[in-house]
Number of protein chains: 4
Amino acid sequence: MTLINNETSGVFVIACTPFTDNGAIDVASVDRMVDFYYDKGADGLTILGMMGEAPKLTQAESIDITRQTIARSADKQVVVGVSAPGLAAIGELTKAVMDIGAAGVMVAPPSSLRTDEQIIGYYRNVIETIGTDVPVVLQDFPLSTGVQISSRTLGVILEAHPSIVMLKHEDWPGLQKITDLREAEAKGRRRTSILCGNAGVFLPEEMQRGADGAMTGFAYPEMMVEVCRLCDEGKHDKAQDLFDAYLPLMRYEQQPGLGLAIRKYVLARRGAITSAAQRRPGASLNAKAIAEVERLIERQTRKLDELK
Amino acid sequence: MTLINNETSGVFVIACTPFTDNGAIDVASVDRMVDFYYDKGADGLTILGMMGEAPKLTQAESIDITRQTIARSADKQVVVGVSAPGLAAIGELTKAVMDIGAAGVMVAPPSSLRTDEQIIGYYRNVIETIGTDVPVVLQDFPLSTGVQISSRTLGVILEAHPSIVMLKHEDWPGLQKITDLREAEAKGRRRTSILCGNAGVFLPEEMQRGADGAMTGFAYPEMMVEVCRLCDEGKHDKAQDLFDAYLPLMRYEQQPGLGLAIRKYVLARRGAITSAAQRRPGASLNAKAIAEVERLIERQTRKLDELK
Amino acid sequence: MTLINNETSGVFVIACTPFTDNGAIDVASVDRMVDFYYDKGADGLTILGMMGEAPKLTQAESIDITRQTIARSADKQVVVGVSAPGLAAIGELTKAVMDIGAAGVMVAPPSSLRTDEQIIGYYRNVIETIGTDVPVVLQDFPLSTGVQISSRTLGVILEAHPSIVMLKHEDWPGLQKITDLREAEAKGRRRTSILCGNAGVFLPEEMQRGADGAMTGFAYPEMMVEVCRLCDEGKHDKAQDLFDAYLPLMRYEQQPGLGLAIRKYVLARRGAITSAAQRRPGASLNAKAIAEVERLIERQTRKLDELK
Amino acid sequence: MTLINNETSGVFVIACTPFTDNGAIDVASVDRMVDFYYDKGADGLTILGMMGEAPKLTQAESIDITRQTIARSADKQVVVGVSAPGLAAIGELTKAVMDIGAAGVMVAPPSSLRTDEQIIGYYRNVIETIGTDVPVVLQDFPLSTGVQISSRTLGVILEAHPSIVMLKHEDWPGLQKITDLREAEAKGRRRTSILCGNAGVFLPEEMQRGADGAMTGFAYPEMMVEVCRLCDEGKHDKAQDLFDAYLPLMRYEQQPGLGLAIRKYVLARRGAITSAAQRRPGASLNAKAIAEVERLIERQTRKLDELK
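Position labels on residues start from 1 in each chain and follow its written sequence. Throughout, the order in which chains and ligands are written sets their labels, letters from A for the former and numbers from 1 for the latter. pLDDT decides what is reported in this predicted model: residues at 70 or higher carry local features, side-chain atom pairs at 80 or more are listed and counted, and totals for whole chains, interfaces and linings draw on all residues regardless. Working from all heavy atoms in the structure, the side-chain values ignore hydrogens and water.

J.: Can you help me understand the overall build of chain A in this one?
T.: Every helix listed is a DSSP run of H or I at least four residues long, and every strand listed is a run of E at least two residues long, numbered separately from the N terminus. Counting its secondary structure elements, chain A contains 12 helices and 8 strands. In terms of principal-axis extent, the alpha carbons of chain A reach across some 50 × 45 × 35 Å. Classification of the 308 residues of chain A by burial places 65% in the buried group. Throughout, a contact is declared for two residues whenever any of their heavy atoms are within 4.5 Å. The contacts of chain A with a sequence gap of at least 6 include a subset with a gap of at least 24, amounting to 74%. Surface accessibility in these figures is a Shrake-Rupley result with a 1.4 Å probe; residues are shielded only by whichever protein chains are displayed. Total accessible area computed for chain A in this model is approximately 10600 Å², and 52% of it derives from carbon and sulfur atoms. His is not counted here, nor are the chain ends, while Lys and Arg score as positive and Asp and Glu score as negative. Charge positions are represented by NZ for Lys, CZ for Arg, CG for Asp and CD for Glu. Separation of charge centres in chain A, based on 34 positive and 40 negative side chains, amounts to 3 Å. Here's how the labels work: a residue is buried when its accessible area is under 20% of the maximum for its type, exposed when over 50%, partly exposed in between, all with a 1.4 Å probe on protein chains only.

J.: Help me understand the interface of chain A and chain D in this model?
T.: Reports of interface size often rely on the accessible area that becomes lost once the parts have come together. In this complex, chain A contributes 17 residues to the contact, which on the side of chain D involves 17 residues. Values labelled buried area give the accessible surface lost by two parts on being combined, using a 1.4 Å probe and summing over both. Looking at the side of chain A facing chain D, the largest losses of area belong to Pro 55, Ala 88 and Arg 280 of chain A, adding up to 30% of the total buried there. Criterion for a salt bridge: a side-chain nitrogen of Lys or Arg within 4 Å of a carboxyl oxygen of Asp or Glu. The interface formed by chain A and chain D contains 2 salt bridges. Between Arg 280 of chain D and Glu 128 of chain A there is a salt bridge; the shortest N-O distance is 2.2 Å. Here a polar contact is taken to be a pair of N or O atoms separated by no more than 3.5 Å, where protein atoms must pair a possible hydrogen donor with a possible acceptor and residues adjacent in sequence count only if both atoms sit in side chains. If you look at where chain A meets chain D, you find 2 residue pairs in polar contact (both at pLDDT 80 or more). Elements supplying a minimum of two residues to the side of chain A that touches chain D: helix H2 (59–72), helix H3 (87–100) and helix H4 (116–130) of chain A. Here the side of chain A that touches chain D gets 4 residues from one element, more than from any other, and that element is H3 of chain A. When residues are sorted by character, Ala, Val, Leu, Ile, Met, Phe, Trp, Tyr, Cys and Pro go into the nonpolar class, Asp, Glu, Lys and Arg into the charged class, and all the rest, Gly among them, into the polar class. In the side of chain A that touches chain D, the residues fall into 8 nonpolar, 5 polar and 4 charged.

J.: What is the right way to look at the packing of aromatic side chains in this model?
T.: Between two aromatic rings, the relevant description is the distance of the centres plus the angle of the planes. Between rings of Phe, Tyr and Trp, where Trp is taken as its six-membered ring, a pair exists when centres lie within 6.5 Å; planes separated by under 30 degrees are stacked, by over 60 edge-to-face, and by other angles tilted. According to the stated counting rule, one finds 22 aromatic pairs over all chains in the structure shown. The interplanar angle of 90 degrees and the centroid separation of 6.0 Å between the aromatic rings of Phe 218 of chain A and Tyr 246 of chain A together place this pair among those described as edge-to-face. You can see Phe 218 of chain A sitting in the loop between strand S8 (213–214) and helix H9 (221–232) and its partner Tyr 246 of chain A sitting in helix H10 (residues 236–253), a full 28 residues away along the chain. According to the relative accessible area criterion, Phe 218 of chain A is buried, its value standing at 0%. For Tyr 246 of chain A, a relative accessible area of 6% gives the class buried. Judged by centre distance (5.5 Å) and plane angle (85 degrees), the ring pair of Tyr 122 of chain C and Tyr 123 of chain C falls under edge-to-face. Among the aromatic residues, those joined into a cluster by ring pairs are Phe 218, Tyr 220 and Tyr 246 of chain A.

J.: Explain unusual backbone geometry here, please?
T.: Working note: non-glycine residues mostly have negative phi, and peptide bonds are mostly trans. Omega for the bond connecting Arg 280 of chain B with Pro 281 of chain B falls within 30 degrees of zero, at -10 degrees, which places this linkage in the cis form. Between Trp 172 of chain C and the following residue, Pro 173 of chain C, the backbone shows a cis peptide bond with an omega angle of 5 degrees. Relative to the elements of secondary structure, Pro 173 of chain C occurs in the loop between strand S6 (164–169) and helix H7 (175–186). A positive phi angle, near 60 degrees, is found at Leu 48 of chain A, a position not held by glycine. Looking at the secondary structure, you find Leu 48 of chain A in the loop between strand S2 (44–47) and H2. Even without glycine at this site, Ala 74 of chain A takes up a positive phi of about 50 degrees. Judged by relative accessible area, which is 61%, Ala 74 of chain A ranks as exposed.

J.: Looking at this model, I keep getting lost on the relation of the copies chain A and chain D. Mind explaining?
T.: The operation relating the pair of chain copies consists of a rotation about an axis and a translation along that axis. Note on the identical chains: chain A maps onto chain D by a rotation of 180 degrees and an axial translation of 0.0 Å, with an RMSD of 0.0 Å. In the structure described here, the two chain copies are related by an operation that fits a two-fold rotation axis. Relative to the rotation axis, the closest C-alpha in chain A is found at Pro 85 of chain A, a distance of 3.9 Å. By residue overlap, the copies meet face to face through one surface: 100% of the interface positions of chain A are interface positions in chain D. When the copies are superposed, the least-squares fit takes in the C-alpha atoms of residues with a pLDDT of at least 70 in both.

J.: Could you clarify how one ought to interpret the packing of helix H2 (residues 59–72) of chain B against helix H3 (residues 87–100) of chain B in this entry?
T.: Helix packing for two helices is described by the angle between their axes and how far apart those axes are. Residues and elements named next belong to chain B. A fitted line through C-alpha atoms represents every axis, and for helices the fit uses only the stretch in contact; the resulting angles, taken between N-to-C directions, go from 0 to 180 degrees. Two numbers describe how H2 lies on H3: the axes approach to 10 Å, and their chain directions differ by 25 degrees. By the angle class used here, H2 and H3 are roughly parallel. Seen from above, H2 lies across H3 with right-handed handedness. For the pair H2 and H3, the contacting residues are Gln 59, Ser 62, Ile 63, Thr 66, Arg 67 and Ile 70 in the first and Glu 92, Leu 93, Ala 96, Val 97 and Ile 100 in the second. In terms of residue class, the contact of H2 with H3 is built from 6 nonpolar, 3 polar and 2 charged. Working rule for angles: under 35 degrees goes down as roughly parallel, over 145 as roughly antiparallel, 65 to 115 as roughly perpendicular, anything else as oblique. It is the rotation of the near helix from the far one that decides the hand of a crossing: anticlockwise by less than a right angle makes it left-handed, clockwise makes it right-handed.

J.: Would you mind going over the state of the cysteines with me for this structure?
T.: All names here are of chain C. Only a pair of cysteine sulfur atoms within 2.5 Å counts as a disulfide in this structure description. Summed over all chains, the structure comprises 0 disulfides over all chains. Here Cys 228 stays unpaired: no disulfide links it, and the sulfur of Cys 231, its closest cysteine neighbor, is 6.7 Å away. Since its relative accessible area comes to 4%, Cys 228 is described here as buried.

J.: Would you take a moment to explain the interface of chain A and chain B for this structure?
T.: Across the contact, 35 residues belong to chain A and 35 residues belong to chain B. Across the interface of chain A and chain B, roughly 3100 Å² is buried in total on both sides, 49% from carbon and sulfur atoms. Counting the surface chain A buries against chain B, the share from its top three residues, Trp 172, Arg 251 and Arg 295 of chain A, is 21%. One can count 14 salt bridges joining chain A with chain B. Close ionic contact of Asp 244 of chain B with Lys 303 of chain A constitutes a salt bridge, the shortest N to O distance being 2.7 Å.

J.: In this structure, what is going on with the relation of the copies chain A and chain B? I would like to understand it.
T.: Laying chain A over chain B is done by rotating through 180 degrees and shifting 0.0 Å along the axis; what remains is an RMSD of 0.0 Å. Of the interface residues in chain A, 100% have counterparts in chain B that sit at the interface too, so the contact is made through matching surfaces.

J.: How do you make sense of the sheet that holds strand S6 (residues 164–169) of chain B when you look at a structure like this?
T.: The strands making up a sheet associate through backbone hydrogen bonding, with each pair oriented either parallel or antiparallel. Residue and element names in this part refer to chain B. Reading around the barrel, the 8 strands line up as S1-S2-S3-S4-S5-S6-S7-S8 and close back on themselves, with parallel pairing between neighbours. In the sheet, strand S1 (residues 10–14) pairs with strand S8 (residues 213–214) via 2 bridges, with the strands oriented parallel. The residue bridging Gly 10 from the neighbouring strand is Gly 213, located in S8. Contacting S1, strand S2 (44–47) and strand S3 (77–81), helix H1 (residues 27–39) runs over the sheet at an angle of about 135 degrees to S2. Strands were regarded as paired on the criterion that DSSP finds at least two bridges between them.

J.: Would you mind going over the sheet that holds strand S3 (residues 77–81) of chain C with me for this structure?
T.: All names here are of chain C. With respect to topology, 8 strands assemble into a closed barrel ordered S1-S2-S3-S4-S5-S6-S7-S8, the strand pairing being parallel. In this structure, strand S7 (residues 193–196) lies alongside strand S8 (residues 213–214), joined through 2 bridges in parallel fashion. Across the sheet, Leu 195 pairs through a bridge with Gly 213, a residue of S8. Relative to S7, H7 is tilted by about 170 degrees, and along the sheet it contacts strand S5 (136–140), S6 and S7.

J.: Is there a simple way to explain the pattern of salt bridges in this structure?
T.: Side chains that differ in charge, positive against negative, can pair when their charged atoms come close. For the coordinates displayed, the defined rule picks out 126 salt bridges over all chains. One salt-bridge network, held together by shared partners, links Asp 237, Asp 241 and Asp 244 of chain A together with Arg 295, Arg 299 and Lys 303 of chain B.

J.: Is there a simple way to explain the environment of Leu 260 of chain B in this structure?
T.: All names here are of chain B. Along the chain, the position of Leu 260 falls in helix H11 (residues 259–269). It is 16 Å that separates the C-alpha atoms of Leu 260 and Ile 297, two residues lying 37 residues apart in sequence. Sequence-distant contacts of Leu 260, that is, excluding residues within four places in its chain, are made with Cys 16, Met 51, Glu 53 and Gln 278.

J.: Which parts of the structure should I look at to understand the environment of Arg 191 of chain B?
T.: Residues and elements named next belong to chain B. Looking at the secondary structure, you find Arg 191 in the loop between helix H7 (175–186) and strand S7 (193–196). Expressed as a C-alpha distance, the spacing of Arg 191 and Glu 159, which sit 32 residues apart in the sequence, is 9.9 Å. For Arg 191, the contacting residues outside a window of four places in its chain are Asn 6, Glu 7, Arg 182, Glu 185 and Asp 212. Here Asn 6 takes part through its backbone oxygen, which lies 2.9 Å from a polar atom of the side chain of Arg 191. A polar atom in the side chain of Arg 191 sits 2.6 Å from the side chain of Asp 212.

Here it is in structure tokens:
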């Protein structure tokens, strides 16, 4: 498999991990889900992220899922989340998944970091641990990690470590950060790939600010694929029309804590996975929430018809 | 002025505080803004909230603005935010604003609270400080305060203090909390008014879950007024159509930290206030952000035309 | 009154605020407590700090206590804590207390600050608000504020703002920070006065690292006065002997949340104030805790006798 | 090996993990350190705790160290820390170490927990994951985890899960919590063993409040052993005399972040381990800190001589 680099672009879907109703890994659904994502146009996948229920997996399971996903991905790239409280676990999992053929690893900062020095030091330790030949995605998601990385601090990290080739951008607010990075590059800093998360709810603006694509798990990845394509072609109004049709559901899916239950419900409904179950502990949708999702999907379908 | 009570419903706009470009209170704009909100259909106002730049005001200024707003509000109700790190300040400001004619006060929990006991104890202290005859709005906004109040804890507080007549609901996710409260009431707990915040982005679902209206500051309050009206009439699809037309801008305005700059920019553009300036320290929009807002407004206008 | 400056040294006791059992300010005890502190050798006082129950005071009460304390302090210097969530309140209180004759003001960072940029920006805003002619004590107390300021960031702030003349040092661990500051001064940075807090439990080491004295409220200020004097004379072993005799009680008094109750109990026992009561909400000692304190005092008295 | 139970008492030393200067596990030192702890009177050990640098170990290393420690411990009990962000990792490591012969496992709450419900739910999930036949130590250490567990919430957890046989008590302040637990037991709640952490700095008071011993890693475990013995015999003044002699160093060792470097320095100095090195990232003592430690040890030795 080729490695990701600082020119990588497109849509890397944050994949969920399919379980059966009794909490076992649903091996058949892994293949089906991977096929689904690529059928919808994904350029690659990111597995074992926050939405992949990674902390609920044993190390052996993590490696099994990685192996299966990569095997099913043919020439598509698979990034693997390796965030962990300790460097040893990060190093261990990184080595294992890169040996299997991962295209890179993703590392979010642990929530204990506070000062800029601590954040900068952390990524130095990570790179020393995993080596400079593994492409790294830095996940910048303060809403979840509690760690705020300023554009300046991000710049220090990127300049120190060329192997950090990509930013998973999901600061909120964060549009200016994309602009800051691109302006620094215009002045001479080496390029970094920027794929955006935040459940996709700022994708049109992010693309116009200079992002290279999306890395998030909205249950309709075809929207992200199409919005990115239209933006690349400069058809921003058309991109936004499409985006707007999905926005009500995207907004609903973005709810912290509940988001994965919504996403898995929709993925199961679309046939990508068999069961919406999460391994414990996990949320599930009650009847009221299901009715809300169904209503939003119905309205979304209608609007998409109108757009045609 | 009449006091709010546990049946209060409708749209209470979270008012901003207008400043001149050099940071003085823009007295003329206060009246103009108040008129604007009522012209757009607001049932009442909430001033000196988080979006009212309250911590940047001296005590004298806070009271002046309250007096002016209430004077201009005729028979409309004005709720005043009195959250402060100390009970003395809460007590002092509450007495002052209730004497002037406020309809009630709003209190968010200080971010130092952790256990359920601490949260319950805090509201007991607040009520002891301000007395049981002042109607209180409990602001439940974990994204900003860091304090998570479970439905159970909220129930304990509401049962202990009948003078807490209203919940400013902006937990995220929070739809189930509305359902929990309404179900507890169906089983015998006394009624509480629920007005929803969270920048309005879940208003249709919140109304269907049993909310009584909105209490947030989106720069197009007429949307909230109309959505609430349509929901009250059971016209949920029509409500959602209208909501969807505004959602792209709402979503943009919801960005933490930057949201007030966006809101004030739009309010100034609409003539509600003269200047979008915030008293220092405050964010302002740069050219790129203004272009994004303008584009969203233009698209919003077009969609609203189509809905007619 | 003279102002504090970057050479100020000695012991500034963090004064408590005396209340009667029913929560009123105990005006008579204010004078008695001030006399007590100076009788025990204090070089100055710091009032309205975290241990002064400042958030429970109305603005008028804060100013009354400041006036009374300064009037009773003759030529001794009184620093006033003015930390508040908003710059307006900081500016307002600073002006009021400096007009009355305060020697300077103390400002801790609000707990919302995260990145170095935010911390640096905050102190810039504070200085712009209160003017460059008011001497400022920067309170660096991460255990309480949650804000971690690295030596580098502290250096940036001190270099930008000469009116920040003093550091209330209570980082934990923090001995290296004192060394870092003194080494930077040896290389050319302007001098800053460093008075240490942290309940006094590192005072001997802090003095040897280059601190100028103590700023904390241990109920036996004569210990701090004597330890600082002995350290200034180079009698470090004698200083430590004295310190060790008080350490068991100091350690007990350092308990967060409960510390003030212990301190006020001892101050009342020593006759400095009439009642150990805190204004609500506040902790008080139960019988078991009182027995522990009494036992520690009894042992402390015995050890001090042995030292003579 | 016998399992810990709700009557377990004495001193369980929190063991460090010895590394060579280049970061490899120092296998020889593991045995030497284990012998050292038991020579000094330890009743058992707790390994892979926060001070055991557990997050820096690979899973294989964790199991190797557990195996070696248990093998060397003969009939002494070894508790193993298994805290992890995910239940799968907790379950996996628990099974592995119990199979090897651990006496129980220790679980601290993850820092993301906020409400009482979340905390209660977390321990329910843990027990469901590892089974009800594994004795669990609940580590209650808010200073490090950020999770505050009230006495009431602790009671709910203890009543629901009889397999949680022990509390590692290190809330701060926390003496009242010991009293609360013992009073609830006097009224009928089943007994829980309470061993105290917090670097030992409240050990005499904790024993008098009803604790069963200590579980912390102070580099002079013989102090804890002797203090517990004397307290059990009712010789509280003698216990406190001994405690006081060690307190200045204990206080110094208690510094967060730096504490382990101090502890390992002293353990290496005492011959328990070969190198004070921590696996990266880790702090180390510079010359100034070493001089401070040496001075405290010298004074401590002198005082202990005087006590004889």
